[in-house]
Structure formats: structure tokens, C-alpha cells
Amino acid sequence: MNKAYFEILRAGVNTTIQDKGRNHLYHVGIAVSGAIDQRNYIFANRLVENQFNEAVVEFAYQGPLLRLKNGKINFAISGDIFFKIIRKNLGAEDGECYKSYILNEGDQIDIISTKNSTYGYLAVNGGFDLKKTWGSYSTNTKANIGPNDGKKYSLKDKIFIKNSDTKNLIERKINYSYSPDNIIRIIKGTNFDYFSKYAIDKLFNEDFLITNLVDRMGIRLKGPKLENIVNTNIKSEGLVRGVIQVPADGNPIIMLSDHGTVGGYPKIAVVIAADLDLVGQLTPGTKINFREVSLEEAQNIFKAYTDETNKYLNECN
Amino acid sequence: MIKNISNLGDTAVYCDFGSEVNEIINASVIDYFHHISKLIKDKKIEGITNLTPSYNKLIISFDLTITNYKKIKNFIESLTINRDIKNNNQKVKIPVCCDDEYGLDFPRLIEKLNIDKEKILELYFSKEYFCYMTGFIAGMPFLGDLNKNIRCNRLETPRLKMPKGSVGITEQFANIYTFESPGGWNIIGNTPKKIFDDKNLDQPALVNPGDKVSFYQITKEDYLNWYE
């Protein structure tokens, strides 16, 4: 029997394959990549009964238009997404996020746009039929690593599906809805002392705007100039997701999943792990505020965030 | 030796080996890197997801669902590191075309350094460099040290797109952008040579920490006809 696949009728803005990410390669300069919003990535997989490390399609803003060929599958979309399911010979119906659907040969999924967020996820039962590179399905378009030769999808590309179990298709739901927040919690960075008292006061009390310069590498912010009184360059050193670097122009940059593994701008702060999903979803034009938390508080917040994720996973039926 | 250990956010440990940059401090960072890599491979420590050695820092990233800062810090403090005596470092030669269309920052460098392009090139090409680390986007080698007369700070605002193969300098260091990416180094030329190869799973980077690197100048014609 021929393998089921999605035919891409419209690629969307930035449609790639992602998973949990790729570890143990920072030392050669390869970022973790992986889904920007890990909670929604896990939810999408849970809805179609996949293991949590199965590959999903990540899309940004306008998503793809996909037609299913050769088979019958179970799929789900997570995030804050406006999408339609176009049934062959029956017409379009509005789709709901956090709910799995059965899709038949010839049916289409039209992912029209994200709403108050940047990224969404599409998972299919059984996962996509792709090769792992260094233990991960994630696409790193900056270094051209991963599925589709490390590039985002284009018109007419095909995304093959492993082996959908057509006997056991169930529609599932998670009772969750995505809600954005513009308060981002941070821990002082290793170069926090490089900044003037005045700059620190502004960091915690003024608005920062998400500019249009947003991608999977990072987010450039615009706000009051954060004045550095020690040195605007440091010797290049490692970065991690969530690090906020401040170049000499005083405008902070938040590192996301495809970030360069090292950088030479001072680190004023680091976004806490529990807020990384949220930060990645921020859209251009949004204003955010930073709040300082201690390491211990951050760990507790992360524990609560993980417990909450697990609660939703357990409630899925 | 590590001078100070602190947290970088809630998912990484920041090991500081000092503020100087030299081959001795860098060798100590690399020793820790090899030692911890081995312990991870042998499953002697759990939860570490990445190690990032640099000139004089080692950042250890971890999975907060498995471990935490305190545990990793204690683990690092308990280690006894032996000098790594293996010496399989190579010498690498890299071609560079410095025509104005590739050497994007000559106007800035000439102004800041107050010397002409010929002198910058002479000083740049006359040295052999040491590779302190690799990173950024896939295999970018961080090389040093540049002649004192051609040292310049990073761009005030990083470029959004550095062309692939761009050869850059900043402070006492030189490097090569292995892929098109944002970046803040002063660009003096471009290399047609493949610096990173993801088909080579064991050693994807052409230049690795400890290697010696020299550059040689090529014409635009050589550049355009480069084949490997």
C-alpha cells in the first residue's frame, strides 16, 4: 500500500518539522532547535496518542494548506489557531484546537492563521516518516540540519506519515485554551552589574516592545536604552534559551530555540524556564514587562508549570 | 581551574575560569569539557543537556525536570580533572577573498583603526591563529590572537544577515560565519571553503578547538571558481 502523506498546497510563512530538540551539540555550534512552545508541542502529540518525542509540524502566523493522500489519519492542532477542515465533496468546517479529528483521503486542512500568538502545532497519529539527525527530527533552518534538507517547507513538498493505525482512530480533547501574558519573569544575568542603576530601574519598570525582528533565533525588543557602564562587549561565551543579551545600542535581544550557541554581548538577565513557551509566542507590536524572581522561586514556578501541563495531559480523553 | 560557579537562569550552570584569554586557561576549560562529556556518555551524571566551552567559561545546560542548579554545582565541585595530554590537533589553511564586495567593513575598520586596507590585510594574513572554541551557528571557529593594530570592537548594532563564509574580526579574535546569520563582527572577506559539513556526523566542523589556522588571500576569480 502507498504511504499516506500531506501534499502542500500552500506552505505558509515558516512551516518546519520540530520535536523536543537536539542536545549535546552546543560545543560545535548547533542550537537545540525544537518546538518553540514545548507545552503545545506535547499537547498536540498527546491528542493523537503519540510518544512525546514524535515529530510535529510547526507553523508561524499563516500556516500551511495540506491535502491528505493515500489514507485515513487522526490529527490535532494545538495553539491559538484559526483553521478549517475541508472535507472532500462536503465543504469546509471550522476546526477547534486541542481536539483530534479523523481526516480521510482527499480532505484538506487549511491553517489560516495564528491568533494572539506566533506558533501552532499539527500532530498526526503515528508521527511523520522522517529521519532523525543527531537524535532529533527538529529542523534547524539556520544551519540546514534536519528534515527537508534543513529548510522550511515550500509549495508541492510532501510530508510522509509513518503508519497511521486506521483501526483505532479516536477523537480526543484537552480542555485547555491558550492565553498570552505580557509579564515575563527573569533571573539576573551574569552581566547584570554591567548596567547602570538607571538602566536596571527601567528594565523592571518600563514597557518593552516586541519589534518585527522576531524569528526562531530570537526576539529583538525596543524600549528605553539600557545603558551599559562597564563594557558593551564580553569575550564570546555560551548562550542558552531565554538569555537576554544587550548590544551596545542598548536594545535587548531574547534568545530562542535556534539561537547562536555563543555570543559576545552582555547578559542582563535570563527568562525563567517556565516562561519560555510564553515568550516564544509573543507577537510583534506587543508590549511586555519584566519581573525579577529568585532562582528558588523560578524552580518552584517551573514545578507548578510542569504539574499543570501533566494535569492537562492526564485529563485528555 | 574554575574560579567561580554561578547560575545562568534556572537551567544552566556558569563556570568562570577567569577573565583573561590565553591558551592555558582555554586548555583548562577544554579539559573540563572532555571530562564531563565522558561522564555523561558513561551515564555517571544525569540531566545535563549541553556543554558550551568558550575562551574562559564553561556553560552546562540541564533539564530542570531531571536535575537542578545545586546538584550540578555540587557535581562540578566534586570533580578532579586530569590534564588532557592527547594531542591530535591539526593545521588548517583557509582561502579568503577580500575584494570590497566581500570585505564589508573596511570603511569602518580604516576609520576606527586609522590604517589602510593593505596594512590590515598584511597584518591579518601574516599570522597563524589558535582555535579556542567553535560555536554560534554550526562550526564557527573562534581564533586568536590578532595583531594589536587590527583590533576593533563589534558592530554597535549586529547585522541581520551576514553572508555565509564571511570572515570577521573583533577584538583579538577572527572567525568565519559558516552559515548566513545575524552577527556583529567586522567583515574583511569571504571564504568559499566549506567550514561545516553535517554529513560528517562525528566531526562536522573543519576547525576544532586546539587547531592552528592560517589564512591566504585569493582573487575573486579563484573565489568564484572554487570547487571542493
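Note that this is a predicted model, so its numbers are computed, not measured.

Before going further, it helps to examine the overall build of chain B. Regarding its fold elements, chain B presents five helices and 13 strands. The globule rule puts the C-alpha radius of gyration for 228 residues at 17 Å, and the 19 Å found for chain B is close to it. In terms of overall dimensions, chain B has a C-alpha envelope of 55 × 35 × 35 Å along the principal axes.

Here we come to the overall build of chain A. When you go through chain A residue by residue, the secondary structure sums to five helices and 20 strands. In summary, chain A has a C-alpha radius of gyration of 20 Å against a globular reference of 20 Å for 317 residues, a match within 12%. On the principal axes, the C-alpha backbone points of chain A span a range of 65 × 35 × 30 Å. The burial tally for chain A puts 53% of its 317 residues in the buried class. In chain A, of all internal contacts separated by at least 6 residues, the share reaching a separation of at least 24 is 78%.

Take the interface of chain B and chain A next. Taken together, the contacts link 46 residues of chain B with 35 residues of chain A. Sorting the residues of the side of chain B that touches chain A by element identifies β1 (4–7), β2 (12–16), β3 (48–53), β4 (57–62), β6 (128–135), β7 (140–144) and β11 (181–183) of chain B as the ones contributing at least two each. The greatest single-element share of the side of chain B that touches chain A, amounting to five residues, is contributed by β3(B). When the residues that make up the side of chain B that touches chain A are grouped by side-chain class, the tally is 21 nonpolar, 19 polar and six charged.

A separate point is the environment of Lys194(B). By the element assignment, Lys194(B) lies in the loop between β12 (186–190) and β13 (212–218). Expressed as a C-alpha distance, the spacing of Lys194(B) and Asn50(B), which sit 144 residues apart in the sequence, is 25 Å.

Time to look at helix α5 (residues 295–315) of chain A. Residues and elements named next belong to chain A. For α5, spanning 21 residues, the distance from its first C-alpha to its last is 30 Å, which sits close to the expected 30 Å at 1.5 Å a residue. Taken together, the buried positions of α5 are Ala298, Gln299 and Phe302. Along the long axis of α5, the arc covered by the buried residues comes to 100 degrees, so they all point the same way. Facing away from the buried side of α5, by more than 90 degrees, are the exposed residues Glu296, Ala304, Asp307, Lys311, Asn314 and Glu315. Contacts from the buried residues of α5 go to β12 (183–188).

Calculation criteria
Residues numbered from 1 in each chain as written. Chains lettered and ligands numbered in written order. Predicted model: local features only at pLDDT ≥ 70, side-chain atom pairs only at ≥ 80, totals over all residues. Helix = DSSP H or I, 4+ residues; strand = E, 2+ residues; numbered from the N terminus. Rg over C-alpha atoms; globule rule 2.2 N^0.38 Å. Buried ≥ 20, exposed ≤ 12 C-beta atoms within 10 Å, placed from the backbone. Contact = placed C-beta atoms within 7 Å. Nonpolar A, V, L, I, M, F, W, Y, C, P; charged D, E, K, R; others polar. Expected span 1.5 Å × (residues − 1). Arc of directions from axis to C-beta.

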